[in-house]
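Below, each chain spelled out in residue letters.
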Amino acid sequence: MDRPKRRATRPEALLEKLRAAIEDGRLPPGARLPEEKLARALDASRARVREVLSLLANERLVELQTNRGAFVAKPTVEEARHICEARLMAERTTARLAAERATPDAVRKMREMVAEEQIAWDSDDVRNAVAKSRGFHRAIAEAAANPVLADILASLLSRSALTQAVYAARGAAGCLCHDHSALIDAIEAGDPDTAEAAMKTHMDNIISRLDLEPLAQEVDIEDALRDTL
Ligand SMILES: [Zn+2]
């Protein structure tokens, strides 16, 4: 009997599938990504999987290690700080532009997304809630009507998902819906200054919930043990 023919899956579809699994934490930072297993799970050839892994490596979502294979990227503290800085900058400009350019339809879409996000949080569906938050930030980028900025932000949001998976305290990943509503209000009012300020407050809230203090390399043993019995 003939083996079932592999569907000629487009690399874009595989890329999206794997990227979503990485963003959602189904494939967590540091997870090994063996070609053969991926090929089986995705019903694709190993060559195609290799191609997609190398595209994800270009996006810094996957790390290719010589002789060891592919792993989901695990940002260092330093990289995490850089991602936060870059995201803060891109998001502030995006919020400004969205306040200047958002259509009533775009604003309606944002409100719907935040309502869905709230429902997901209320039902403790953290993965879905975080995905909806990311979707909300992408919607602001769309409303800002600058595709170059939207591309930059999409990449930063994906890398930010990895950062949060590694450095956010348990239960503190994702956004605050209250912040999102304040942002939409400013965007709907067509007020770029308030929108930018609301985004800065929002990003500060997200960043403050990450533990980005580097672990102490040198410990003073006497100090550390002074008060113990
Ligand atoms: Zn947010």
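Note that the structure is a prediction, hence the values are computed from the model and not measured.

1. With respect to helix α6 (residues 126–143)
The end-to-end C-alpha distance of α6 is 26 Å, a good match for the 26 Å that 18 residues give at a rise of 1.5 Å each. When we look at burial in α6, the residues that qualify are A129, V130, A131, K132, S133, R134, F136, H137, A139, I140, A141 and A143. Within two residues after α6, A145 carries a phi angle of roughly 55°, on the positive side.

2. A word on unusual backbone geometry
One non-glycine residue with positive phi stands out, namely R60, at about 65°. Note that R60 resides in the loop between α3 (46–58) and β1 (62–65). We note that N67 has phi near 65°; this positive angle belongs to a residue other than glycine. With respect to the helices, strands and loops of the structure, N67 is situated in the loop between β1 and β2 (69–72). Overall, N67 belongs to the exposed group, with 4 C-beta atoms counted inside 10 Å.

3. Focus on helix α9 (residues 192–208)
With 17 residues, α9 should reach 24 Å at 1.5 Å per residue; the first-to-last C-alpha distance of 24 Å fits that figure. For α9, the complete set of buried residues consists of A195, E196, A198, M199, H202, M203 and I206. Down the axis, α9 shows its buried residues gathered within 160° of arc, on one side only. Away from the buried face of α9 by more than 90 degrees, exposed residues D193 and S208 are located. At its buried positions, α9 is contacted by α4 (77–101) and α8 (177–188).

4. Observations regarding the pairing of β1
In terms of strand pairing, β1 meets β2 through four bridges, oriented antiparallel. Across the sheet, V62 pairs through a bridge with V72, a residue of β2. Counting the residues between successive antiparallel strands, the hairpin from β1 to β2 contains three residues, one of them, N67, with a positive phi of roughly 65°.

5. Topic: the environment of V107
If you trace the backbone, V107 turns up in helix α5 (residues 104–122). Classification of V107 by C-beta neighbours within 10 Å gives partly exposed; the count is 18.

6. A closer look at the packing of helix α1 (residues 11–23) against α3
For the pair α1 and α3, the least separation of the axes is 10 Å and the interaxial angle reads 60°. Taken together, the axes of α1 and α3 are oblique relative to one another. Here the hand of the crossing between α1 and α3 comes out right-handed. Taking contact as the criterion, the partners of P11, L14, L15, L18 and R19 in α1 are, on α3, R48, E51, V52, L55 and L56. Partitioned by chemical class, the residues of the contact of α1 with α3 number seven nonpolar, no polar and three charged.

Definitions and cut-offs
- Residues numbered from 1 in each chain as written.
- Predicted model: local features only at pLDDT ≥ 70, side-chain atom pairs only at ≥ 80, totals over all residues.
- Helix = DSSP H or I, 4+ residues; strand = E, 2+ residues; numbered from the N terminus.
- Expected span 1.5 Å × (residues − 1).
- Buried ≥ 20, exposed ≤ 12 C-beta atoms within 10 Å, placed from the backbone.
- Arc of directions from axis to C-beta.
- Contact = placed C-beta atoms within 7 Å.
- Pairing = 2+ DSSP bridges.
- Axes fitted to C-alpha atoms, helices over the stretch in contact; angles between N-to-C directions.
- Parallel < 35°, antiparallel > 145°, perpendicular 65-115°, else oblique.
- Left-handed = near helix turned anticlockwise from the far one by under 90°.
- Nonpolar A, V, L, I, M, F, W, Y, C, P; charged D, E, K, R; others polar.

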